[in-house]
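Structure at a glance
What follows is the residue order along each chain.
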Amino acid sequence: PWLEVNGGFNSMSFSLDALKAKSALNYQGIADVEGGTIKTRLFYGSVRFLAVPKSRTNPYAEVAVGYFKTTAEDVFVQDGRPPGDLINSMPGVSGMMVAPSFGLQYALADYWSAYVRYSYIATLNDQFSPGDLLQPVSGTREDPTGSLVIQAIAVGIMVRF
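Owing to the predicted nature of the structure, the values given are computational and were not obtained by experimental measurement.

Cut-offs used in this document
- Residues numbered from 1 in each chain as written.
- Predicted model: local features only at pLDDT ≥ 70, side-chain atom pairs only at ≥ 80, totals over all residues.
- Heavy atoms only, no water.
- Patch = residues over 30% accessible without salt bridge, like charges linked within 9 Å, V, L, I, M, F, W, Y side chains within 5 Å.
- Areas by Shrake-Rupley, 256 points an atom, 1.4 Å probe, with all protein chains shown as cover.
- Salt bridge = Lys/Arg side-chain N within 4 Å of Asp/Glu carboxyl O.
- Helix = DSSP H or I, 4+ residues; strand = E, 2+ residues; numbered from the N terminus.
- Pairing = 2+ DSSP bridges.
- Axes fitted to C-alpha atoms, helices over the stretch in contact; angles between N-to-C directions.
- Phe/Tyr/Trp six-rings, centres within 6.5 Å; stacked < 30°, edge-to-face > 60°.
- Lys NZ or Arg CZ within 6 Å of the ring centre and 35° of its normal.

**Things to note about a nonpolar patch on the surface**
Nonpolar side chains collect at one region of the surface, where Phe-102, Leu-104, Val-116, Tyr-118, Tyr-120, Val-149, Ile-153 and Val-155 lie side by side and expose about 770 Å² of accessible area between them. Looking at the nonpolar patch, the elements that each hand over two or more residues are strand E7 (93-107), strand E8 (112-123) and strand E9 (149-159). Along the polypeptide, Ile-153 turns up in strand E9.

Structure below.
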């Protein structure tokens, strides 16, 4: 009862702030900045260690290992003036991910529990480059690549079968 093995799927997206994007793109004009949403999907298996298995309130530690895939919509500014439309894109990245988590679960009934969890999700691919979406209209700037790291606090309900 002190060890659980779980599987999971998580999908999240982060959108572009169009007003701040215009500034980063050095765009002077009235056309809207469109696109730029970054989507990440996680598929994982995890092991959860329960500190006090028979208690109603139970702190736990969890380690998840799995696969991630991140894609992005192109950033598009439609402009009839020269030099024309601006389209920036970011290459997709994928690979292994590791996510240690700490949390607290509270048993609501025999098969239902509520939980709160803090997760630190680290990807093992250093080619994530969201700055490619905000390359300026004229010229380019160096965009460092790195690993995608997500920190999250999740609250939810879990059902045990």
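**A short note on the sheet that holds strand E5 (residues 75-77)**
One open sheet holds the three strands; their spatial order is E2-E5-E6, and the pairing between them is antiparallel. If you trace the sheet from one side to the other, it starts and ends with strand E2 (33-35) and strand E6 (86-88), each paired once. Looking at each pair of strands side by side, their axes are set apart by 20° on average, direction ignored. Pairing geometry for E2 and E5, over three bridges, is antiparallel. Paired with Gly-35 across the bridge in E5 is Val-75.

**Overview of the packing of aromatic side chains**
For any pair of aromatic rings, the description rests on two quantities: the centre-to-centre distance and the angle between the ring planes. A full pass over the atoms with the stated rule returns two aromatic pairs. For the ring pair Trp-2 and Phe-49, a centre distance of 6.5 Å and an interplane angle of 20° mean the geometry is stacked. With Trp-2 in the segment before strand E1 (3-14) and Phe-49 in strand E3 (residues 38-50), the pair connects residues that are 47 residues apart, well separated along the chain. Relative to Phe-43, the ring of Phe-9 lies with its centre 5.0 Å away and its plane at 40°, an arrangement referred to as tilted. Taken together, the residues Phe-9 in strand E1 and Phe-43 in strand E3 connect sequence positions 34 residues apart. Directly above the ring of Tyr-60 sits Arg-48, whose terminal nitrogen or CZ lies 4.3 Å from the centroid.

Just geometry here; none of it tells us what the structure is for.
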